[in-house]
Amino acid sequence: MIELKVNGRSYEVSADPDTPLLYVLRDDLQLNAAKFGCGLGQCGACTVLVDGAPTLSCVTPIMLLEGRQITTVEGLGSREDPGPLQRAFIEEQAAQCGYCIPGMMMRAQALLQRNPRATDAEIRAQLEPNLCRCGTHMRILRAIRRAATLMAGPASPPGSAVTPAAAGPQLDTPDTETGAQGDARSRPAYSERRERPER
Amino acid sequence: MKTFVTRRVVIRLLWVLGFGVAGLVVYAWRSALPPADPPSADSFNADTIRRGAQLAALGDCASCHTAPDGETFAGGRPLATPFGTIYSTNITPDLTTGIGRWSLAAFERAMREGVDRQGAHLYPAFPYDHFTLLDDADGAALYAFIMTRQPVHAQTPDNHLPFPLNMRFLVAGWKLLFFHEGPYQPDATHNLEWNRGAYLANGIGHCGACHTPRNSFGAEIRTRQFAGGEAEGWHAYAINSDSQSHAAWNAEALHAFLSRGWHEQHGDAHGPMAPVSQSLAAAADSDVQAIATYVAAEMGNPKHDKPAADPPNNDTGAAIYTAACANCHDGTRPLPFGGIKLTLSTAATGETPTNLINVILIGLHPPEGTAGAIMPGFASTLTDGQLESLLSYIRANFGARPPWTGVESSVREARSRVSD
Amino acid sequence: MSTNVSHKISRRAVLRGTGALVLSFSLSPGAWPYAGSGPQSARPKLPGNLGRNPLLDAWIRVDADGHVTAFTGKAELGQGIKTALLQVVAEELEVPFEQVSLVTADTSRTADEGYTAGSHSVQDSGTALRTAAAQVREILIAEAARRLRAPADQLRAVAGAVLGPNEARITYAELVSANLLHVEAQPTTKLKDPTLFKVMDRPVQRIDIPAKVTGGEAYVQDMRLPGMLHARVVRPPSYRAKLLQVDVGNIEKMTGVVQVLRDGNFLAVVAYREFQAVKAMRALSLAARWEESESLPKQAQLSETLLGMPAQDQVILDKHDVAGGPSKTLEATYTRPYLSHGSVGPSCAVAHLTDGVMTIWTHTQGVYPDRQAIAEMLRMPLDRVHCIHVEGSGCYGHNGADDAAADAALIANALPDRPVRLQWMREQEHSWEPFGPAMVAKVRASLDSAGRIVDWDYGVWSNTHATRPGPAGALLAAQHLEHPFAPPEPKPLPQPEGGGDRNSIPLYTLPSAKVTHHFLHDMPVRVSALRSLGAHLNVFAIESFMDELALAAGSDPVAFRLAHLDDPRARDVVTAAADEFRWAARPTPAGGHGYGFAFARYKNLAAYCAVAMQVRVDRETGRTRVLRAAAAIDTGQVINPDGVRNQMEGAIIQSLSWCLFESVSFDATRITSVDWATYPILRFSSVPESITVRIIDRPGTPFLGCAEAGQGPASAALANAVANATGKRVRDLPLNPARVKATIGV
């Protein structure tokens, strides 16, 4: 059993220690944001933060992560209460298929935490490891610039400037209520959940 | 009595110093060469320009003389030296900020003597101690190439050198002690290709600028040519008989490595060597061949350090390797895209752990749009403790050498250089 | 090819609540796999895909609580179609946007609209839905009129209810009854006046984005069913490889492994946990021994190889009108390599065999054709196979999705009652997806002394751009079985849409013109549809050549095009793009800067698009940076202008990636571009400083779609800008630094 701290909560995970974090996040903890893009550390779709630094979860075995703070997109806010980065991406409509976006967001989050006044050149350099095939780059850049404003502005509600420690309690989605054992809980069949499509 | 003697000694010393400085100033003084009208492109033969391009590829002028995201050859790249930061100059033929008004004589004087058109001494960060070997034909070809480049208006930033190092005339003293002017003297005990290789490698190729250790004045130690050096936080491996490479280098392997940037038995070029091999793709193949012949001869049959005794038990390191590295490095995908088997990697067998630490932390990232091995960096994945376990595991099990010393401080130093 | 299909959907599956409508529909005989271009049975022509599915309740359903559900046979590919179609329905049906849901491509629930492809979604499904919604509205108004005993023209529909005189108000929920909408669509429709639009032609925020940025379940990759197993396929190392031997004993003993499957050359492993499946796949791959053979052409001689292949020649244009005498003749050859879809998320599918019914959740572009192929492969009756579209990552054509669905189904077939999730690996997607075909175009044209084109001869060599399922033999899994299904014979897609010949006929006014499509039957490399099909290379070639002609005529590139364009909408889009870019004010190229322009009307019948670009070429390295791009697009009636912009920005950037860097690589035996290291694509350092898009809105005109309109013009604008910057013309894609540098010289 390995204990992982994800988005401010602790989980006991029974996956093998050499399992890449990505599979544990998605399959054991049912966190959807980090994506499988290549499994080779080449595309950035799996990017999460480990102790605030962007990390490719597809090549990071969980045995390395005990005691470290892992943050995923789910830790930045929720559907009902999105954080500033998420709000910015929604307001800028910064997605086409959206598959690469969580990876982009985590890299951006790391940058803005460290350097809230990052320049356009710095943002571009920061995102270089991440691929977007649909060509949403312009909007991703706009969304990150907007997020910087939202994070810094006086209008930002308290607690919306996100640090890994503060990321924790915002999760209300059933996805992460996996409790002690970490394995996949039984959930309603996908087809039934989609019967009345949410839209 | 004591005071009297001391005062006389001091006065005498001051006179000696004064004469010394004056002598140095006189020695150091170089005349300004008159500004020339910029030559037109038609005044150069197309073949000469092409030859110059090949030489510039060998010398990889663009690497130092281009700022990150800057115009090629327009200078402005900061070079960190133990003495301070020096910025590379604008060598485009721009009339005001470049060398557009340099005559061939001025160009040759800079390359061979380390003096610019105005007569100022150049810091040996510009490796004229190598370029001094250039013969007339090659010098003229390089001049033709440089003068037909796109002029770019870009003012070179001021160097950050503390007093008195910012006094250029002091460089003359350095030259007095350490600079041996060319031209290249052929060695009759070797054949033509060896000599050509020596001329190129030690001349325009300036391999020793990285691969030779330097003394405390920053000058290459000539008696230890190619015994290994430092460049931008990386270790430039020994490429003489001190080579620690697991597989022996021969001319053929060197030629392949230099022109392609990788070799099945040796891995990919990384760190500062990567842009060098990218540049060599545009060099004349026969020149690269000659360099390979020469360097292979210099390596001879290296004697490796004694292998280590039985590696100590290192479960943590083994587990980390198996979980994070083995999939690529013990995989079936061949080089250049698969990870090298670490028994073949000089990063594991080399004298210091620096390169292995660098590669693990930074990874490998080819220039955008170019096919090349991509290795993710593990800076944010591994703690220092995990990294040290992994390093000692790799050293013992793949390098099969005695453990490195000073690993902790090497790791700390590398971390401070590598941002997330 | 696909044959007649008719479907009777279980009413139980769709009835919800009392007063709700029964959903049933049947396809007309002779159903055609390509939406919008097939024959219809003998009835008055109905707009869009209504023709093939004329019953209104196949498209729109109103529940007893007033909630509206719209049904489309199209799929969300990341192009924002879900939101756009909701806007259409909400507008015409006069219901609040929030009160409408959309069900997309599902063989049990939605019409068969063929493939979500060809930029047809808005044209065909959007048109059908708009028409259906309008007619449903009128039916509801008529019903209200009947109940209120008031004339219909005194009633109006507002926000989900019908309002009448004396403050009468009946909600849709109260109006609806079983079978009310179970009627066929009428040929004429009262469409809403565009000046009254409240939600159409508005940048409504996409409904899918919030979930995607907050970790919601949004993709087929996110699906988790109880008891779900994880599977991986071991694909052969090359197209013709044969599995000689594999010792599965050790694999079966690995932790978590449930089963190893082998059927001929098809190899797969199933495990409880995903990483166990990955490890088992790696071990299985090492344990397998294959016999391979060389079958691929020499990459360095690809164009020559294509030109030398046997071809079926079709002359698709041959006209000879009187014109001035030719005074200058130019000719050129343009080429492109094989291009990869390269979607960031490798293909994935979930399949579940239970009670004799195989359900497959897949991101295929065509649930009906994929179902048909899978049913044939599994030798199951069609009505026992059920394909439901769930979004995958960006889809740009026929990628690995159909095959992943087949793989999952094949595996699930061996494990009844266990849901199986099958995920392709990156290397598998890169090696086995069908590529956009390599193509060659040769063009020759003459100018008269006034600088006008007087004759034009164009030939394009290409494989088919469509090897989608329909037949089982189109599926990789089916081809690899012990008793394999033969791949179907490739056939050219007919004009006016075309495949390799798409957009090979210029829209320009040319007195004499001959256009020949050299259809290449043999496909050494697996190919199929990639965004814009042949239009990419044809527009690249035509628009590059137009610039070469303009230069020879001493004419400005934009003026030269306008001089040959009669279509007013085309002229408008060209003028708008030039204006948006400030083309007339551009300086003389200097310092490596260059400016390029290009125009095309997609398929000569869909959206009009023009793109202008400024680049900077580094003479020393041959590296091209695109500084800015400006585009103009006329897509007819706009549904979501932000969606149009998003698609155009994406098209431009994707085209830049294709044209600056990309080329599938292979040796004599294998595809060698198997990941992002070997098939590099554009990254942030090459993204332009700005891209602006001007939309020419044409309210009230038919939808024209926009997804593929940008590929050709963006690619040609780039090539033209590079030629302008360097003074040298590169005609072979990609315009990578090595090629540009070699053309510039020292």
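Computed from a predicted model, the values in this text were never measured in an experiment.

1. Notes on the pattern of salt bridges
- Summed over the entire model, instances satisfying the criterion amount to 59 salt bridges over all chains.
- Here A:Arg133 ties to C:Glu662 by a salt bridge, and the two come within 2.6 Å at their closest N and O atoms. One end of the pair, A:Arg133, is in the loop between helix H4 (120-127) and helix H5 (137-152); the other, C:Glu662, is in the loop between helix H15 (641-661) and strand S24 (690-695), on a second chain. Here A:Arg133 and C:Glu662 have matching classes, each one buried.
- Between B:Arg51 and B:Asp287 there is a salt bridge, with its nearest N and O atoms 3.1 Å apart. Taken as a pair, B:Arg51 in helix H2 (residues 46-59) and B:Asp287 in helix H12 (residues 285-299) lie far apart in primary sequence, 236 residues in all.
- Overall, the relative accessible area of 3% leaves B:Asp287 in the buried class.
- Among the charged side chains, a salt-bridge network with shared partners connects A:Glu91, A:Glu92, A:Arg139, A:Arg142, A:Arg146, C:Asp642 and C:Glu649.

2. Some details on the sheet that holds strand S6 (residues 169-171) of chain C
Residue and element names in this part refer to chain C.
- An order of S4-S5-S6 is seen for the 3 strands of this open sheet, with the pairing classed as antiparallel. The open sheet has two free edges, formed respectively by strand S4 (156-158) and S6, since each of these has just one partner strand. Here the average twist between neighbouring strands, direction ignored, is 30°.
- Direction of pairing for strand S5 (residues 161-163) relative to S6: antiparallel, over a ladder of 3 bridges. Of the residues in S6, the one forming a bridge with Val-162 is Ile-170.

3. Description of the nonpolar core
- With 206 residues, the main nonpolar core has C:Met377, C:Ile411 and C:Trp456 as its most contacted residues.
- The residues contacting C:Ile411, other than those within four sequence positions of it, are C:Ala231, C:Val233, C:Leu261, C:Phe266, C:Ala268, C:Val270, C:Val420 and C:Leu422.
- Among the nonpolar cores identified, the runner-up in size contains 78 residues, and A:Leu4, A:Val24, C:Leu267 and C:Met425 belong to it.

4. With respect to the confidence of the model for chain C
All names here are of chain C.
- Looking at chain C as a whole, the pLDDT averages 92, with 94% of positions reaching at least 70.
- Predicted confidence for residues 1-41 stays below pLDDT 50, and this span has 94 contacts to residues more than four positions away or in other chains.
- Reported for the predicted complex are a pTM of 0.91 and an ipTM of 0.92.

5. What about unusual backbone geometry?
- The linkage connecting B:Phe163 with the following residue, B:Pro164, adopts the cis geometry, with an omega of 0°.
- Structurally, the position occupied by B:Pro164 is in the loop between helix H6 (136-147) and helix H7 (170-178).
- With an omega of -5°, the peptide bond running from C:Leu733 to C:Pro734 counts as cis.
- With a phi close to 55°, C:Glu167 is a non-glycine residue in the positive phi region.
- Tracing the chain through its elements places C:Glu167 in the loop between S5 and S6.
- Residue class for C:Glu167 comes out exposed when judged on its relative accessible area of 79%.

6. Some words on helix H1 (residues 21-28) of chain A
- The buried count for H1(A) comes to 8 of 8 residues, which makes it a mostly enclosed element.
- Of the residues making up H1(A), those classed as buried are A:Leu21, A:Leu22, A:Tyr23, A:Val24, A:Leu25, A:Arg26, A:Asp27 and A:Asp28.
- Buried residues along H1(A) sit against strand S1 (2-6), strand S2 (9-13), strand S3 (47-50) and strand S5 (69-71) of chain A together with strand S7 (229-234) and helix H6 (274-287) of chain C.

7. Section: the interface of chain C and chain A
- Between chain C and chain A, the residue contacts involve 87 residues of the former and 67 residues of the latter.
- Summing the contributions of chain C and of chain A, the shared interface buries around 6600 Å²; its carbon and sulfur component is 51%.
- Linking chain C with chain A are 8 salt bridges.
- At the junction of chain C with chain A, the criterion picks out 36 residue pairs in polar contact (both at pLDDT 80 or more).
- Per-element accounting of the side of chain C that touches chain A gives the leading share, 10 residues, to H15(C).
- In terms of residue class, the side of chain C that touches chain A is built from 37 nonpolar, 25 polar and 25 charged.

8. Quick word on the packing of aromatic side chains
- Considering all chains together, one arrives at 26 aromatic pairs over all chains under this definition.
- Here the aromatic rings of C:Trp456 and C:Phe545 are separated by 5.9 Å at their centres, their planes lie at 70°, and the arrangement is edge-to-face. Taken together, the residues span a long stretch of sequence, with C:Trp456 in strand S19 (residues 453-462) and C:Phe545 in helix H12 (residues 535-553) at a distance of 89 residues.
- A residue is classified by how much of its surface remains accessible, and C:Trp456, at 3% relative accessible area, is buried.
- Overall, the relative accessible area of 0% leaves C:Phe545 in the buried class.
- Grouping aromatic residues by their ring pairs yields a cluster made of B:Phe126, B:Tyr128, B:Phe131 and B:Phe179.
- The cationic tip of A:Lys35 hangs over the ring face of A:Tyr99; the distance from NZ or CZ to the ring centre is 5.7 Å.

Procedures and definitions
Residues numbered from 1 in each chain as written. Chains lettered and ligands numbered in written order. Predicted model: local features only at pLDDT ≥ 70, side-chain atom pairs only at ≥ 80, totals over all residues. Heavy atoms only, no water. Salt bridge = Lys/Arg side-chain N within 4 Å of Asp/Glu carboxyl O. Helix = DSSP H or I, 4+ residues; strand = E, 2+ residues; numbered from the N terminus. Buried < 20%, exposed > 50% of the residue type's maximum accessible area, 1.4 Å probe, protein only. Pairing = 2+ DSSP bridges. Axes fitted to C-alpha atoms, helices over the stretch in contact; angles between N-to-C directions. Core = buried A, V, L, I, M, F, W, Y, C linked by side-chain atoms within 4.5 Å. Contact = heavy atoms within 4.5 Å. pLDDT = per-residue confidence, 0-100. Buried area = accessible area lost by both parts, 1.4 Å probe. Polar contact = N/O pair within 3.5 Å; in protein donor to acceptor, adjacent residues only side chain to side chain. Nonpolar A, V, L, I, M, F, W, Y, C, P; charged D, E, K, R; others polar. Phe/Tyr/Trp six-rings, centres within 6.5 Å; stacked < 30°, edge-to-face > 60°. Lys NZ or Arg CZ within 6 Å of the ring centre and 35° of its normal.

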